[in-house]
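Residue-level structure breakdown
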Amino acid sequence: MRAFYIPAAVLAAILAFSLWTGRCVQRDTERWTAALSESGREAREENWEAAAARLDEAYSGWSRSQGFLHTIMDHAELDEVEELFAGALAVCQEQDEPDFHTLLSQLAASLEMLAETQRFSLRNVL
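The present account deals with the structure reproduced in this document. (Residues numbered from 1 in each chain as written. Predicted model: local features only at pLDDT ≥ 70, side-chain atom pairs only at ≥ 80, totals over all residues. Heavy atoms only, no water.)

What about the overall build of the chain?
The criterion, for reference: To qualify as a helix, a DSSP run of H or I must reach at least 4 residues; to qualify as a strand, a run of E must reach at least 2; elements of each kind are numbered from the N terminus. Atoms considered for the radius of gyration are the C-alpha atoms alone. The globule rule reads 2.2 Å times the number of residues to the power 0.38. Categorising residues by exposure relies on relative accessible area from a 1.4 Å probe, with only protein chains included: less than 20% of the type maximum marks a residue as buried, more than 50% marks it as exposed, and the intermediate range marks it as partly exposed. Only the protein chains shown count as covering a residue, and every accessible area follows the Shrake-Rupley method with a 1.4 Å probe. Positive charges are assigned to Lys and Arg, negative charges to Asp and Glu, while His and the chain termini are left out of the count. Where a charge sits is defined by one atom per residue type, namely NZ (Lys), CZ (Arg), CG (Asp) or CD (Glu).
Within the chain, the secondary structure is distributed over six helices and zero strands. The order of helices and strands in the chain, counted from the N terminus, is α-α-α-α-α-α. Relative to the compact-globule value of 14 Å for 126 residues, the chain shows a C-alpha radius of gyration of 18 Å, a clear excess of over 25%. With respect to the three principal axes, the spread of C-alpha positions in the chain is 70 × 25 × 20 Å. When each of the 126 residues of the chain is scored for burial, the buried share is 34%. A total of about 7700 Å² of accessible surface is found on the chain, and carbon and sulfur atoms cover 58% of it. Side chains of the chain carry 10 positive and 21 negative charges; the gap between the two charge centres is 14 Å.

Structural data, given as structure tokens:
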């Protein structure tokens, strides 16, 4: 019977860690996409300085999470988000509203996809 407890405890710990990481990624993604939304709103109002500040806020949070994210996710997906952030920051500096909103939409979709891959769901388990 003792041989059952150790594997069960290991499985329980793995499940708890998986649920915790999924919730952390979801929480962070919600915060980043909210900052992106604010940035887009500021850009529509042609307040590019505030738009850049909100975008920098999202990127700073993203950058702080890189160590953690690289341990639990595919690097190619993270690299794609990094490229989109770089593009959005460059377009924001140029104050090109149509391209800026396009990149913000792509960035928000990519962040949501990252969060989706970490959710506990039947689709992800199978």
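So that's the structure; there's more coming.
Topic: the nonpolar core
Defined as follows: Buried Ala, Val, Leu, Ile, Met, Phe, Trp, Tyr and Cys residues that are joined via side-chain atoms within 4.5 Å together make up what is termed a nonpolar core. Here, two residues are considered to be in contact whenever any of their heavy atoms come within 4.5 Å of each other.
Ranked by internal contacts, the top residues of the largest apolar core, which has 27 residues, are Leu36, Leu55, Trp62, Phe85, Phe100 and Leu111. Leave out the neighbours within four places in its chain, and Leu111 touches Thr29, Trp32, Thr33, Leu36, Trp62 and Val81.

A short note on helix H5 (residues 97-118)
Heads up, the rule is: Given a helix with a known number of residues, its expected span is that number minus one, times 1.5 Å.
Over its 22 residues, H5 extends 32 Å from the first C-alpha to the last, a length consistent with the 32 Å expected when each residue adds 1.5 Å. Restricting attention to buried positions, one finds in H5 the residues Phe100, Leu103, Leu104, Leu107, Ser110, Leu111, Leu114, Ala115, Glu116 and Gln118.

Concerning the pattern of salt bridges
Filter applied, for reference: Basic side-chain nitrogens of Lys or Arg form a salt bridge, by our definition, when they fall within 4 Å of a carboxyl oxygen of Asp or Glu.
Applying the stated criterion across every chain, the model contains six salt bridges. The salt bridge partner of Glu57 is Arg54, with a shortest N-O separation of 4.0 Å. Taken together, the residues Glu57 and Arg54, both in helix H2 (residues 48-64) and three residues apart, mark about one turn of the helix. Under the relative-accessibility criterion, Glu57 is labelled partly exposed at 43%. Classification of Arg54 by relative accessible area gives partly exposed; the value is 28%.

Some remarks on the environment of Glu46
Take Glu46: it is sitting in the loop between helix H1 (2-44) and H2. The exposed category is assigned to Glu46, whose relative accessible area is 60%. Residues Glu46 and Gln95, 49 residues apart in the sequence, show an inter-C-alpha distance of 8.4 Å.

Focus on the packing of aromatic side chains
Going by this rule: Pairing of aromatic side chains requires ring centres within 6.5 Å, counting the rings of Phe and Tyr and the six-membered ring of Trp. Pairs whose planes differ by under 30 degrees are stacked, by over 60 edge-to-face, and all others tilted.
In total, this model carries seven aromatic pairs according to the counting rule given. Ring geometry for Phe17 versus Trp20: centroids 6.0 Å apart, planes at 35°, classification tilted. In this pair, Phe17 and Trp20 both sit in helix H1, three residues apart, roughly one turn of the helix. Given a relative accessible area of 44%, Phe17 falls into the partly exposed group. Residue Trp20 is classed as partly exposed on the basis of its relative accessible area of 46%. Every member of this aromatic cluster is reached through a ring pair, and the members are Trp32, Tyr59, Trp62 and Phe85.

A closer look at unusual backbone geometry
Look at Glu46: it is not a glycine, yet its phi comes out positive at around 60°. Phi at Gln95 is positive, roughly 60°, even though this residue is not glycine. Considering the arrangement of structural elements, one finds Gln95 in the loop between helix H4 (75-94) and H5. On the accessibility criterion, Gln95 (47% relative accessible area) is partly exposed.

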